[in-house]
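Coordinate inspection notes
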Amino acid sequence: MAHEDLNREEEIEGSSDRSFGIVFAVVFAIIGCWPLLSGRGVRVWALAVGAAFLVIAFTRPSLLSGLNRWWLKLGLLLGKIVSPIALGLLFYGVLTPIGGLMRLVGQDPLRLKFDRAAASYWIDRDPPGPPPGSMTNQF
């Protein structure tokens with residue numbers, strides 16, 4: 001299983017080298033023109049880098065393949081780090097306190113409490129739902 005995780009970037013198909021170059025050209029163009037919004041001059045270095053990405057993307061996109069692969073690996077690494085942290089914060093910061101409050105006020109929306117007096121835990125639907133014959137061709 002660990003070997004499968006290491007080779008996961010081989011399973012994930014990244015963007016084409018041309019589209020990678022175009023995206024980076026646009027990003028550097030935005031970085032270069034951003035100071036114009038506050039009345040300052042453009043960042044010439046960023047426009048030059050963006051122009052270089054654009055020229056390479058349209059003339060020799062294969063030159064960007066190494067950078068494109070590196071960018072994909074960086075994204076996978078960041079996903080392995082950020083995703084568990086974000087999900088942990090969401091679970092322990094939002095869901096756990098809500099669950100605790102619901103227990104304090106005595107709510108049981110999933111009806112998980114054991115009821116000795118209940119003959120069945122089956123919940124009758126009203127209306128009863130679709131006829132059983134309508135579920136023959138689901139896919």
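Note: the structure precedes this text.
These figures come from a predicted structure and were not determined experimentally.

1. What to know about the overall build of the protein chain
Scanning the protein chain from N- to C-terminus turns up five helices and zero strands. Going from the N terminus to the C terminus, the protein chain shows its helices and strands as α-α-α-α-α. For the protein chain, whose C-alpha radius of gyration is 27 Å, the value lies well above the compact-globule estimate of 14 Å for 139 residues. Here the protein chain, with 139 residues, has 11% of them falling under the buried criterion. Partitioning the contacts of the protein chain with sequence separation of at least 6, the portion at a separation of at least 24 is 53%. Taking the average location of the 13 positive side-chain charges in the protein chain and that of its 11 negative ones, the two points are 10 Å from each other.

2. Focus: the environment of Leu-72
Checked against the element boundaries, Leu-72 lands in helix H5 (residues 65-104). C-alpha of Leu-72 to C-alpha of Gly-14: the two residues are 58 residues apart in sequence and 6.5 Å apart in space.

3. Some points on the packing of aromatic side chains
Evaluated as defined, the whole model comprises seven aromatic pairs. The interplanar angle of 45° and the centroid separation of 6.4 Å between the aromatic rings of Trp-70 and Trp-71 together place this pair among those described as tilted. Trp-71 sits in the partly exposed class, given a relative accessible area of 43%. Ring pairs connect the aromatic residues Phe-20, Phe-24, Phe-28, Phe-53, Trp-70 and Trp-71, which therefore count as one cluster.

4. Section: a nonpolar patch on the surface
A grouping of Leu-87, Leu-90, Phe-91, Tyr-92, Val-94, Leu-95 and Ile-98 is seen on the molecular surface, where their side chains present a nonpolar patch of about 700 Å² in accessible area. As for its position among the elements, Leu-95 is in helix H5.

5. Examining the environment of Glu-11
Inspection of the secondary structure assignment puts Glu-11 in helix H2 (residues 8-11). Given the relative accessible area of 64%, Glu-11 is considered exposed.

6. Notes on the nonpolar core
The biggest cluster of nonpolar side chains holds eight residues, and these are Phe-20, Phe-24, Ala-25, Phe-28, Ala-46, Phe-53, Ala-57 and Leu-64. Listed by contribution, the elements that provide at least two residues to this core are helix H3 (17-33) and helix H4 (44-59). What Ala-25 contacts, discounting residues up to four positions off in sequence, is Gly-50, Phe-53 and Leu-54.

7. Points about H4
Between the first and last C-alpha of H4 there are 22 Å, a value that for 16 residues agrees with the 22 Å anticipated at 1.5 Å per step. Looking only at H4, the buried set comprises Ala-46, Gly-50, Phe-53 and Ala-57. Summarising the axial view, the buried residues of H4 lie within an arc of 60°, below the 170-degree limit, and thus occupy one face. The exposed residues of H4 that point more than 90 degrees off its buried face are Val-44, Trp-45, Val-55, Phe-58 and Thr-59. Of the surrounding secondary structure, the elements contacted by the buried residues of H4 are H3 and H5.

8. A few points about unusual backbone geometry
Here Arg-111, not a glycine, exhibits a phi torsion of approximately 50°, which is positive. Position of Arg-111 relative to the elements: it lies in the segment after H5.

Here is what the cut-offs are and how they apply
Residues numbered from 1 in each chain as written. Predicted model: local features only at pLDDT ≥ 70, side-chain atom pairs only at ≥ 80, totals over all residues. Heavy atoms only, no water. Helix = DSSP H or I, 4+ residues; strand = E, 2+ residues; numbered from the N terminus. Rg over C-alpha atoms; globule rule 2.2 N^0.38 Å. Buried < 20%, exposed > 50% of the residue type's maximum accessible area, 1.4 Å probe, protein only. Contact = heavy atoms within 4.5 Å. Lys, Arg positive; Asp, Glu negative; His and termini not counted. Charge placed at Lys NZ, Arg CZ, Asp CG, Glu CD. Phe/Tyr/Trp six-rings, centres within 6.5 Å; stacked < 30°, edge-to-face > 60°. Patch = residues over 30% accessible without salt bridge, like charges linked within 9 Å, V, L, I, M, F, W, Y side chains within 5 Å. Areas by Shrake-Rupley, 256 points an atom, 1.4 Å probe, with all protein chains shown as cover. Salt bridge = Lys/Arg side-chain N within 4 Å of Asp/Glu carboxyl O. Core = buried A, V, L, I, M, F, W, Y, C linked by side-chain atoms within 4.5 Å. Expected span 1.5 Å × (residues − 1). Arc of directions from axis to C-beta.

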